[in-house]
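The primary structure of each chain is shown beneath.
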There are 2 protein chains.
Amino acid sequence: MKTIAIDMDGVMADVYAQLFKNHHADFGTSLTLEEVTGKEESIAFPNCRKHVFSEGFFRHAPVIADSQEVVKKLNNRYQVYIVSAAMEFPQSLVEKQAWLNEHFPFIQWQQMVFCGSKKIIKCDIMIDDHFRNLDDCDGRTFLYSQPHNKLADCGRHHRVESWKEIEKLLL
Amino acid sequence: MKTIAIDMDGVMADVYAQLFKNHHADFGTSLTLEEVTGKEESIAFPNCRKHVFSEGFFRHAPVIADSQEVVKKLNNRYQVYIVSAAMEFPQSLVEKQAWLNEHFPFIQWQQMVFCGSKKIIKCDIMIDDHFRNLDDCDGRTFLYSQPHNKLADCGRHHRVESWKEIEKLLL
């Protein structure tokens, strides 16, 4: 059975929705998708660092469309691991586990991995929105489209725009 | 640079010291090393499950002799990751990170991995006290001696009795 490592933030959890909402709360103005496209989140959203270290930021992130349905199907066909680079944000560890338990109850604790670097991850397939994670993977790599990576040439990685596209490719 | 995955409980953190202490607190009697040797911790210590799910159990575990000194030296020569199967114990995530920050301040968050299964870990060398973790590693594997594994044939794994022994073998 092939192993898939699936990223959380920007793949399962809609971090941009949280950043847009917090930006509006902080400044009273809304950023447009165009304004944040092609920029790292920390550049696009001036208060990004403050928010990602705040209680509740990860716990209350919305679920990305169709991820629940497709991850559930993948879970029947592949050895699925949810691999999140959570270590930078100590408060996120408990929040991320609670978030997974709530929104993806079919994912067991044995399938969860919280790390700093993903260089240590061994898998056949990786789905992630960051090049720094995909570049070290020897397997098949899918770049999940997000504004920060939207304008980049995805190189050897296969860009996917939605979970419906992943469903077609892997199921 | 070769990658080493080092387990926490039973390798860096003295879980047995905690279990012996808690057993005495619960029952007023002390178990001997002989009584617990060759038995899984959950069999040897009747209240084991209660304690490993209790607040503070991991946070206050003593450090295993010489681990700080030797891990520090390894950290200069290898790509070190601390890999702990922490996911079973949700309350342990924050405790384990705080424990590492206190006792191993030279270990960066990028080097920490909390997982459920270690099947997803890619490394050249693994140091662990459990066969279930070592058996899936393709690299060089060291079984850290602990009472629960003491009587078992270590098979293809190399049994080590102390951090001083690891130092001689890897440095």
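Residues numbered from 1 in each chain as written. Chains lettered and ligands numbered in written order. Predicted model: local features only at pLDDT ≥ 70, side-chain atom pairs only at ≥ 80, totals over all residues. Heavy atoms only, no water.

## A short note on the relation of the copies chain A and chain B
Taken together, a rotation about one axis and a shift along it account for how the two chain copies relate.
Part 1: When chain A is fitted to chain B, the best match, at an RMSD of 0.0 Å, comes from turning it 180° and sliding it 0.0 Å along the axis. Within this description, the copies of the chain are treated as partners about a two-fold rotation axis.
Part 2: Taken together, the interface assignments show that 100% of the residues at the interface of chain A recur at the interface of chain B, consistent with an identical surface on both copies. (Least-squares fit on C-alpha atoms with pLDDT ≥ 70 in both. Contact = heavy atoms within 4.5 Å.)

## Comments concerning the side chain of A:Asn22
Part 1: Tracing the backbone through its elements, the reader meets A:Asn22 in helix 1 (residues 15-27).
Part 2: Discounting residues that sit within four places of it in the chain, A:Asn22 has contacts with A:His51 and A:Phe57. (Helix = DSSP H or I, 4+ residues; strand = E, 2+ residues; numbered from the N terminus.)

## Description of the pattern of salt bridges
Residue and element names in this part refer to chain A.
Part 1: Scanning the entire structure with this criterion turns up 24 salt bridges over all chains.
Part 2: One salt bridge connects glutamate 88 with arginine 49, and the closest N-O pair in it is separated by 3.0 Å. Taken together, the positions of glutamate 88 in the loop between strand 2 (79-84) and helix 6 (92-103) and arginine 49 in helix 4 (residues 48-52) put the pair 39 residues apart, joining distant regions of the chain.
Part 3: According to the relative accessible area criterion, arginine 49 is partly exposed, its value standing at 46%.
Part 4: Aspartate 128 is the salt-bridge partner of lysine 118, the closest N and O atoms lying 2.7 Å from each other. Note that lysine 118 is positioned in the loop between strand 3 (112-115) and strand 4 (125-128) and aspartate 128 in strand 4, a separation of 10 residues in sequence. Residue lysine 118 shares its accessibility class with aspartate 128, and that shared class is buried. (Salt bridge = Lys/Arg side-chain N within 4 Å of Asp/Glu carboxyl O. Buried < 20%, exposed > 50% of the residue type's maximum accessible area, 1.4 Å probe, protein only.)

## Topic: helix 5 (residues 67-77) of chain B
Residues and elements named next belong to chain B.
Part 1: Among all positions in helix 5, only Ser67, Val70, Val71, Leu74 and Asn75 are buried. For helix 5, the arc enclosing every buried residue in end-on projection is 145°, short of the 170-degree limit, so these residues lie on one face.
Part 2: The secondary structure elements touched by the buried residues of helix 5 are strand 1 (3-6), strand 2 (79-84) and helix 8 (163-170). (Arc of directions from axis to C-beta.)

## Digging into the nonpolar core
Part 1: One finds A:Ile6, A:Trp163, B:Ile6 and B:Trp163 to be the most contacted residues of the largest nonpolar core, which totals 64 residues.
Part 2: Within the second largest apolar cluster, 26 residues are counted, among which are A:Tyr81, A:Ile121, B:Tyr81 and B:Cys123. (Core = buried A, V, L, I, M, F, W, Y, C linked by side-chain atoms within 4.5 Å.)

## A few points about the packing of aromatic side chains
Part 1: Overall, the coordinates contain 18 aromatic pairs over all chains when judged by the stated rule.
Part 2: Their ring planes at 85° and their centres at 5.1 Å tell us that B:Phe57 and B:Phe58 sit as a pair that is edge-to-face.
Part 3: One aromatic cluster in this structure is built from A:Phe53, A:Phe57, A:Phe58 and A:Phe89. (Phe/Tyr/Trp six-rings, centres within 6.5 Å; stacked < 30°, edge-to-face > 60°.)

## Overview of helix 8 of chain B
Residues and elements named next belong to chain B.
Part 1: Within the sequence span of helix 8, burial applies to Trp163, Ile166, Glu167 and Leu170. End-on view of helix 8: buried residues confined to an arc of 105°, all on one side of the axis.
Part 2: Taken together, the buried residues of helix 8 touch strand 1, helix 5, strand 4 (125-128), strand 5 (140-144) and strand 6 (158-160).
Part 3: A side-chain oxygen of the first residue of helix 8 lies 3.4 Å from the backbone nitrogen of lysine 164; this N-cap is serine 162. (Polar contact = N/O pair within 3.5 Å; in protein donor to acceptor, adjacent residues only side chain to side chain.)

## Digging into the environment of B:Met87
Part 1: If you trace the backbone, B:Met87 turns up in the loop between strand 2 and helix 6 (92-103).
Part 2: Through-space distance from the C-alpha of B:Met87 to that of B:Ile125 is 22 Å; in sequence the pair is 38 residues apart.
Part 3: Contact partners of B:Met87, with chain neighbours within four places excluded, come to A:Gln97, A:Trp109, A:Met112, A:Val113, A:Phe114, B:Leu93, B:Phe114, B:Cys115 and B:Gly116.

## Notes on the interface of chain A and chain B
A common measure of how large an interface is: the accessible area buried when the components associate.
Part 1: Each side of the interface is counted separately: chain A has 23 residues, and chain B has 23 residues.
Part 2: Together chain A and chain B conceal approximately 2200 Å² of surface at their shared face, both sides included; 64% is due to carbon and sulfur atoms.
Part 3: At the junction of chain A and chain B, the tally comes to 13 residue pairs in polar contact (both at pLDDT 80 or more).
Part 4: Of all the secondary structure elements, the ones that give two or more residues to the side of chain A that touches chain B are strand 2, helix 6 and strand 3 of chain A.
Part 5: In terms of residues, the side of chain A that touches chain B owes the most to one element, strand 3 of chain A, which gives 4 residues. (Buried area = accessible area lost by both parts, 1.4 Å probe.)

## A short note on unusual backbone geometry
Part 1: Even without being a glycine, A:Asp66 presents a positive backbone phi close to 70°.
Part 2: Of note, A:Asp66 is situated in the loop between helix 4 and helix 5 (67-77).

## Details of the sheet that holds strand 5 of chain B
Part 1: Pairing within the open sheet is mixed, and its 12 strands lie in the order 6(A)-5(A)-4(A)-1(A)-2(A)-3(A)-3(B)-2(B)-1(B)-4(B)-5(B)-6(B). Across the chains shown, the open sheet's two edge strands, defined by having one partner strand only, are strand 6 (158-160) of chain A together with strand 6 of chain B. This sheet shows a mean twist of 20° between the axes of neighbouring strands, independent of strand direction.
Part 2: The pairing of strand 2 of chain B with strand 3 (residues 112-115) of chain B spans 3 bridges and is classified as parallel. (Pairing = 2+ DSSP bridges. Axes fitted to C-alpha atoms, helices over the stretch in contact; angles between N-to-C directions.)

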